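Chain by chain, the residues run as shown.
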Amino acid sequence: MATLAIKKKPGLSFWQIFNMSFGFLGIQFGFALQTGNASRILQTFGADVEHLSWFWLAAPITGMIIQPIIGHYSDRTWTRLGRRRPFFLTGAILSGLALLFMPNSSALAVIIPPIVVGAGMLMIMDASFNVAMEPFRALVADNLPDNQHNIGFSMQTCLIGVGAVIGSWLPYVFAEWFHIGKTAAPGIVPDNLLYSFYVGAAVLIGCILWTVVSTKEYSPAEFASFHEPDEAEEKHKNGLAEIFSDLANMPKTMRQLGLVQFFSWFALFSMWVFTTPAVADHVYHIKAGDTSSIQYNDAANWVNVCFGVYNLVSAIYALLLPRIVRKTSRKKTHSFSLIMGGIGLISIYFIQNHYLLLLSMIGIGLAWGSILAMPYAILSSSIPVKKIGVYMGIFNFFITGPQIVNGIIGGPIVKYFYHNHAIYALIMAGVFMFLGAISVLYVQDGKKISTIDKI
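Source: prediction; values computed, not measured. (Residues numbered from 1 in each chain as written. Predicted model: local features only at pLDDT ≥ 70, side-chain atom pairs only at ≥ 80, totals over all residues. Heavy atoms only, no water.)

The subject of this paragraph is the nonpolar core. Residues Met 254 and Trp 272 are the most contacted members of the largest nonpolar core, which totals 123 residues. Of all the elements, helix 12 (residues 252–282) adds the most residues to this core, at 15 residues. When neighbours within four sequence positions are excluded, Met 254 is seen to be in contact with Leu 379, Ile 383, Tyr 391, Ile 394, Phe 395 and Phe 398. (Core = buried A, V, L, I, M, F, W, Y, C linked by side-chain atoms within 4.5 Å. Buried < 20%, exposed > 50% of the residue type's maximum accessible area, 1.4 Å probe, protein only. Helix = DSSP H or I, 4+ residues; strand = E, 2+ residues; numbered from the N terminus. Contact = heavy atoms within 4.5 Å.)

Here helix 18 (residues 397–417) spans 28 Å end to end across 21 residues, near enough to the 30 Å set by a 1.5 Å rise per residue. At Ile 409, helix 18 shows its strongest bend, of approximately 35°, with the proline Pro 412 following within four residues. One or two positions beyond helix 18, positive phi appears at His 419, with a value near 55°. (Expected span 1.5 Å × (residues − 1). Bend = angle between axes of the 7 residues up to and from the residue.)

Here Val 443 shows up in the segment after helix 19 (423–439). A sequence separation of 184 residues divides Val 443 from Leu 259, and the C-alpha atoms of the two residues are 9.4 Å apart. With near-sequence residues (within four places) excluded, Val 443 lies in contact with Thr 253, Gln 256, Leu 257, Val 260, Lys 331 and Ile 378.

This part is about the confidence of the model for the chain. In low-pLDDT segments, the atomic positions of the prediction should not be examined closely. Per-residue confidence for the chain gives a mean pLDDT of 84; residues scoring 70 or more make up 90%. When pLDDT is averaged over each helix and strand of the chain, the minimum, 44, is found for helix 10 (residues 231–234) and the maximum, 98, for helix 19. Contacts for the low-pLDDT stretch residues 231–236, under 50 throughout, to residues beyond four places or in other chains number seven contacts. pLDDT under 50 marks residues 448–455. Its contacts with residues more than four places away, or in other chains, come to 22 contacts. (pLDDT = per-residue confidence, 0-100.)

This brings us to a nonpolar patch on the surface. On the surface, Ile 93, Leu 94, Leu 97, Leu 100, Phe 101, Tyr 195 and Tyr 198 cluster together to form a nonpolar patch covering roughly 620 Å² of accessible area. Listing elements by their share of the nonpolar patch, those giving two or more residues are helix 5 (85–101) and helix 8 (191–214). Top contributing element to the nonpolar patch by residue count: helix 5, with five residues. Tracing the backbone through its elements, the reader meets Tyr 195 in helix 8. (Patch = residues over 30% accessible without salt bridge, like charges linked within 9 Å, V, L, I, M, F, W, Y side chains within 5 Å. Areas by Shrake-Rupley, 256 points an atom, 1.4 Å probe, with all protein chains shown as cover. Salt bridge = Lys/Arg side-chain N within 4 Å of Asp/Glu carboxyl O.)

Quick look at the structure:
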């Protein structure tokens, strides 16, 4: 049998990579509103601080279930719209609807307790983000040659940062610049937050549509022409059983990255869940249970500003990552970044002036920028090209797993060991960042790319 010549996948221009990644700006706009305000909304609806991590469990559990399934089927879906685009378009529409409904959960209080509705919307929102997110990761590996993977994931990280900055700062801007109400009656979400979620829904859907319209995907024949046929990969099992086979046979590099991801995402989950109560208690000295005063809402709005700063730092840092990698390595770059994140988290304990929290966010931003790019760049060079979607989905186990563990034990730790002082959860998160920095140095990253990230 004649062997077909394997073509070299062409490189894409800066603007092609930008358009392909632009939808991530909208996804992260919505995700920033979730991470910065979900705890605040749930506390407004009556959640105690020690129970916050349990409500947040809905997000990683749905992600663990959804992403491998979406990855599996996106590997095998070829439609007129493309291979990956149908999934992140569907995810965007569902995410937008969840953004509209979550802050309005109190409207259903006559039928269902608003905290139950809020937790349910958090689950739907995160599941929808997951439907949209992983096909975007796979799209980079689908469309770009190996020597542009770093710039592809770095571009995504940069746009993630830009979207997150705007999403994080919007409640503060609405309240302080446009004087939209930042307080409301107990149990009601303030108007500045409501309007932020409405804008987030519109931006998310609009950015995804931009990518859908402006980005081309390869047809099955074109995609096959870029890769060696692999008979073992062609013999697919029926249905979802193949996911379990792929899970059992994941590459060694992916297994090693799992430990790094565990430490990193355990830390991030603590930060997202407990920063608002930690800052309100430790920096603003607000008494427990106060979720409707001006002081509490000032603290919560300032946390949004802080989250915007770390996302801004991550966006800038993402543009520098390919250059830093060329000078060092992906492992050393990621290790340094996680160390800076650990320092940033622990430093919050020593701060009493809320403006100084912005300095802590610099280190956290370096870690976040690297977490969103380096593990995926390392992973994409170690997995079979025809299983990129499913392995990107399975890789999400290493993101959702630590969040589930933290969600189960984090609240009781804060209550019984830290006596409801959430600041100590941030110190613990910093320690976990340090552990991640050590473990990444032992990851096998043998892929050598002769010309890195040239556009």
